[in-house]
Amino acid sequence: MALAMAPRMRCLYIFNRNGMCLHYHVWLRSLMTLSPQQDQKLMFGMLFSLNSFTAKIDPVSSGKENNPPCSFYSFRTNTYKLHFMETASGIKIILLTDPRIGDLREALMHIYSNIYVEYVVKNPLYSPGQPFRCELFNMALDHYVKTLQ
Amino acid sequence: MVRQLLTDFEDVEEVNKQLDTMGYNIGIRLIDDFLSKANVTRCSEFRETADVIAKIGFKMFLGVTATVSNWNADFTECSLVLDDNPLVDFVELPETCQGLYYCNVLCGVIRGALEMVSMRTEVKWARDMLRGDDAYELRLKLIEHVAEEYPYKDDD
């Protein structure tokens with residue numbers, strides 16, 4: 001009996017430093033309570049605040065300039081897990097997955113370096129700061145995500 | 001590319017500006033390429049930034065390293081000196097183009113890349129061997145750190 005593997009990835013967002021959602025990719029999302037614009041704005045706003053919050057209540061950082069800044073990288077609820085990565089250039093990658101999945105920090109880095117930079121940043125037809133739709137990116141992303149299941 | 005710009009624009013100052021703009025457009029994309037390959041954490045101060053550009057950035061994209069020198073009193077301005085500039089291999093400036101900064105594209109690239117990591121800078125050539133100086137020296141000046149702002153208006 002062939003069992004179709006339920007995808008463990010739910011959806012992916014890529015934002016730039018100005019809050020513009022450059023890409024939204026969905027694999028499995030049965031519930032969407034807000035319109036896409038509101039959903040993206042809420043996502044960005046929440047992460048912006050969460051990042052600022054986690055840095056402020058950090059109990060170990062001495063607060064001196066030499067320490068790397070504190071940044072959260074995931075949170076989990078009973079129905080999903082949210083993974084987050086931000087680069088120095090302000091590109092934020094957010095991945096929502098099945099709650100049982102492990103740490104995906106390296107996976108997010110891979111998506112940034114080998115898929116986003118290769119197929120989007122290096123694409124001469126892409127205008128930085130604008131949402132993009134690129135078949136090669138989608139294909140590479142789907143292919144990579146399958147290896148993570 | 002520079003020859004084509006000279007034919008299109010004729011005015012040397014205009015070409016300098018065009019090169020800087022082209023460099024800027026390259027720089028804003030180059031930063032992601034750089035960040036994905038170089039294993040660097042966010043720089044805590046401008047001194048570190050200058051070192052990273054000179055040692056890692058230049059090495060990665062031009063194959064040469066630069067030396068950082070001539071810091072000003074509050075560490076917001078410095079010089080990047082290149083012993084070797086691969087952009088000018090086989091290039092000579094004729095009499096009619098003496099005002100041209102052949103490598104102005106490099107200034108734009110650095111400015112664009114740094115802007116994407118929240119630093120507004122001014123980058124200029126202080127010494128240019130094509131114009132008769134003894135070395136290639138870029139003057140890098142930090143104008144300000146631009147703090148990350150919440151981009152949405154609250155009433156939207």
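Predicted model only: the values in this text are computed from it and were never measured.

*Asks:* Hey, could you run me through the overall build of chain A in this one?
*Replies:* Across its full length, chain A carries three helices and five strands. Overall, chain A shows an N-to-C arrangement of helices and strands of β-β-α-β-β-β-α-α. Buried residues in chain A amount to 42% of all 149 residues. Considering only residue pairs separated by 6 or more positions, chain A has 50% of its internal contacts joining residues 24 or more positions apart. Per element, the accessible surface of chain A, about 8,600 Å² overall, is 57% carbon and sulfur.

*Asks:* Teacher, can you tell me more about the pattern of salt bridges here?
*Replies:* Counting across every chain of the model gives 16 salt bridges over all chains. One salt bridge connects Arg111 of chain B with Asp20 of chain B, and the closest N-O pair in it is separated by 2.7 Å. Of the two residues, Arg111 of chain B sits in helix H4 (residues 104–115) while Asp20 of chain B sits in helix H2 (residues 12–37), which places them 91 residues apart along the sequence. Look at Arg111 of chain B and you get partly exposed, because its relative accessible area is 24%. Linked through salt bridges whose partners overlap, the residues forming this network are Glu118 and Lys122 of chain A together with Asp33 and Lys37 of chain B.

*Asks:* Where do I start with the sheet that holds strand S3 (residues 74–76) of chain A in this structure?
*Replies:* All names here are of chain A. One open sheet holds the five strands; their spatial order is S2-S1-S5-S4-S3, and the pairing between them is antiparallel. Of all the strands in the sheet, just strand S2 (21–26) and S3 have a single pairing partner and so form its edges. The average undirected angle you get between the axes of adjacent strands in this sheet is 10 degrees. Two strands pair when backbone bridges link them, and strand S1 (residues 9–15) and strand S5 (residues 92–97) are joined in this way by six bridges, in the antiparallel orientation. The residue bridging Phe15 from the neighbouring strand is Lys92, located in S5. Along the sheet face, helix H2 (residues 105–121) touches S1, S2, strand S4 (81–86) and S5 and points at about 55 degrees away from the line of S4.

*Asks:* Explain the nonpolar core here, please?
*Replies:* The nonpolar side chains of soluble globular proteins are, as a tendency, buried together. Membership of the largest hydrophobic core comes to 71 residues, with the highest contact counts inside it found for Ile14, Ile93, Tyr116, Phe132 and Phe137 of chain A together with Ile110 and Leu140 of chain B. With nine residues, H2 of chain A is the single largest residue contributor to this core. When sequence neighbours within four positions are dropped, the list of residues in contact with Ile93 of chain A reads Leu12, Tyr13, Ile14, His83, Phe84, Met85, Leu108, Ile111 and Tyr112 of chain A. Of all hydrophobic cores here, the second largest spans 14 residues; its members include Cys11, Phe44 and Phe72 of chain A together with Tyr152 of chain B.

*Asks:* Looking at this model, I keep getting lost on the sheet that holds strand S2 (residues 77–82) of chain B. Mind explaining?
*Replies:* As a general point, the strands of a sheet are linked pairwise by backbone hydrogen bonds and lie either parallel or antiparallel. Residue and element names in this part refer to chain B. Taken in spatial order, the four strands make up an open sheet running S1-S2-S4-S3, and their pairing is antiparallel. Across the chains shown, the open sheet's two edge strands, defined by having one partner strand only, are strand S1 (66–69) and strand S3 (119–127). The average angle at which neighbouring strand axes cross in this sheet is 25 degrees, direction not considered. Each of S2, S3 and strand S4 (136–145) touches H4; the most contacted strand, S3, lies at about 160 degrees to it.

*Asks:* It is not clear to me how helix H1 (residues 36–56) of chain A should be interpreted in this structure. Could you clarify?
*Replies:* Residues separated by three or four positions in an α-helix point in the same direction, a consequence of the helix having 3.6 residues per turn. All names here are of chain A. The terminal C-alpha atoms of H1, which comprises 21 residues, lie 30 Å apart, in line with the 30 Å expected from a rise of 1.5 Å per residue. Buried residues of H1: Asp39, Gln40, Met43, Phe44, Gly45, Leu47, Phe48, Asn51 and Thr54, and no others. Residues of H1 that are buried sit in contact with S1, S2, S4 and S5.

Conventions adopted
Residues numbered from 1 in each chain as written. Chains lettered and ligands numbered in written order. Predicted model: local features only at pLDDT ≥ 70, side-chain atom pairs only at ≥ 80, totals over all residues. Heavy atoms only, no water. Helix = DSSP H or I, 4+ residues; strand = E, 2+ residues; numbered from the N terminus. Buried < 20%, exposed > 50% of the residue type's maximum accessible area, 1.4 Å probe, protein only. Contact = heavy atoms within 4.5 Å. Areas by Shrake-Rupley, 256 points an atom, 1.4 Å probe, with all protein chains shown as cover. Salt bridge = Lys/Arg side-chain N within 4 Å of Asp/Glu carboxyl O. Pairing = 2+ DSSP bridges. Axes fitted to C-alpha atoms, helices over the stretch in contact; angles between N-to-C directions. Core = buried A, V, L, I, M, F, W, Y, C linked by side-chain atoms within 4.5 Å. Expected span 1.5 Å × (residues − 1).

Spatial relationships are all this shows, so hold off on functional conclusions.
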